[in-house]
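Secondary and tertiary structure notes
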Amino acid sequence: MCGIFRPGTSGDPFGIIQIITSAVTFLVEYNTFKISAFIERYTAVEEQISIKNTVHAAFLIEKIHMLTQTDTADKCHAKPFHYLLFFGGQGQLDHLLRTFSSMQNLLELLHQRYLPNPVASMVLLDCVEKGKDLMRGGARYNTGPGMNGNGVADYADSMVAVKKLVFDEKKVDMATLADAVKHDFKGYEPLLRLIDEEAPKWGNDDPEADAMVIDLTSFIIKKIAAFRGLLGNQKLPALYPVSSNVPQGMAVGALPSGRRAFRPIAEGCSPCQGADRTGPTAVLRSLGKLPHTCIDGGTLLNLWLTPAVVQGEEGGHRLSAFLKAFLDMDIFHIQFNVVGQDILRCAQERPEEYRSLLVRVAGYSAYFVELSREVQDDILSRTVNTL
């Protein structure tokens, strides 16, 4: 593919026609069976991963329980929870991040060989002048792609629940918690209430929960900083979902945080659905502790306000003060829905009457009635705030 584009003819001074012609000719002549075969293999692997993830949380916590009962932790002079954090959390995450980066490089290679980007290449500096596609090193600047993540709050809330209730206060043993997670808390309703009422949650300006998220994001930033793409491009850590938290949750079993099996996981760096209970300013204080400038790919925070909050001159002042606090904390991103919960439920029941109803989803806007029911329900599960 290198050098396939030759711009600069008199009738096509910018090489645009030749770029498009070359790309179209190449794609028509290329045997698409190879791409189809790759997609089939990838899909098969993805399905296997999804099946394994449905029981992964229960399996992992059982494994950690067994490890902490051995002499290994004592021999290493390690505290049991720190042992769990390293082997159960960071060790797993390190493997997943490396796998994620390798798969991104594979996709870059496929684009280089089989899926050029002629239109994008036309608008990026130096691609036309060099006669190279952006995936072949034509662009002047190469950065990304972003390594996007979800479930930050699920991780933090789960680890803090284990630390506090199992290790610190010993209100539940690991074996019981593992069995509860395995059975999606069915028959363990008192334990579910205990977790809900006493375990700290991200997004409430709680020092323990916030420290867990800071440790997690710092670990992710450090690991991703060492990854490079095929062109030497640095990978970017990112925390925004674009609604992927909903299908991802369908492949994740119950968690020690009390999240039930196959529900949507938390999106971006937002709190778990309904877990932020001390007001939107507490959410800002939690997020303000993150190193946003190091999360180059961006972060996302969703907040839902009642319409009464912003009504009138007083409401405008409240919102203005809130946004000023947001800016003072150097938080990367925030987006609002300002709509009554009853309106969204009516839209679910009578979509033909609400075709023009726009909502913020996860970094983008969409007509509410055109979203899948699962995404609609995820939006409705968010905390409705007042100021």
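A few points on the structure.

Across the sheet, which stays open at both edges, the three strands sit in the order β4-β3-β7 with parallel pairing between neighbours. Of all the strands in the sheet, the pair left with one neighbour each is β4 (335-338) and β7 (384-385).

With respect to the secondary-structure elements, Asp184 resides in the loop between α8 (174-182) and α9 (189-198). Dropping the residues within four chain positions of it, Asp184 is found in contact with Ala254, Arg260 and Ala261.

Turning to unusual backbone geometry, a few remarks are in order. The amide bond that connects Gly144 to the next residue, Pro145, takes the cis arrangement and shows omega of 10 degrees. Relative to the helices and strands, Pro145 is located in the loop between α6 (127-130) and β1 (146-148). With phi around 65 degrees, Phe185 is a residue other than glycine that occupies positive phi space. Here Phe185 lies in the loop between α8 and α9.

The next thing to look at is α8. Buried within α8 we find Met174, Leu177, Ala178, Ala180 and Val181. Seen along its axis, α8 keeps its buried residues to an arc of 160 degrees; they face one direction. Where α8 begins, one side-chain oxygen reaches toward the backbone nitrogen of Ala175, 3.1 Å away; that side chain belongs to Asp173. With its phi angle positive at about 55 degrees, Asp184 sits one or two positions after the end of α8.

The rules behind the values
- Residues numbered from 1 in each chain as written.
- Predicted model: local features only at pLDDT ≥ 70, side-chain atom pairs only at ≥ 80, totals over all residues.
- Heavy atoms only, no water.
- Pairing = 2+ DSSP bridges.
- Helix = DSSP H or I, 4+ residues; strand = E, 2+ residues; numbered from the N terminus.
- Contact = heavy atoms within 4.5 Å.
- Buried < 20%, exposed > 50% of the residue type's maximum accessible area, 1.4 Å probe, protein only.
- Arc of directions from axis to C-beta.
- Polar contact = N/O pair within 3.5 Å; in protein donor to acceptor, adjacent residues only side chain to side chain.

Everything listed here is a matter of geometry and, on its own, says nothing about what the molecule does.
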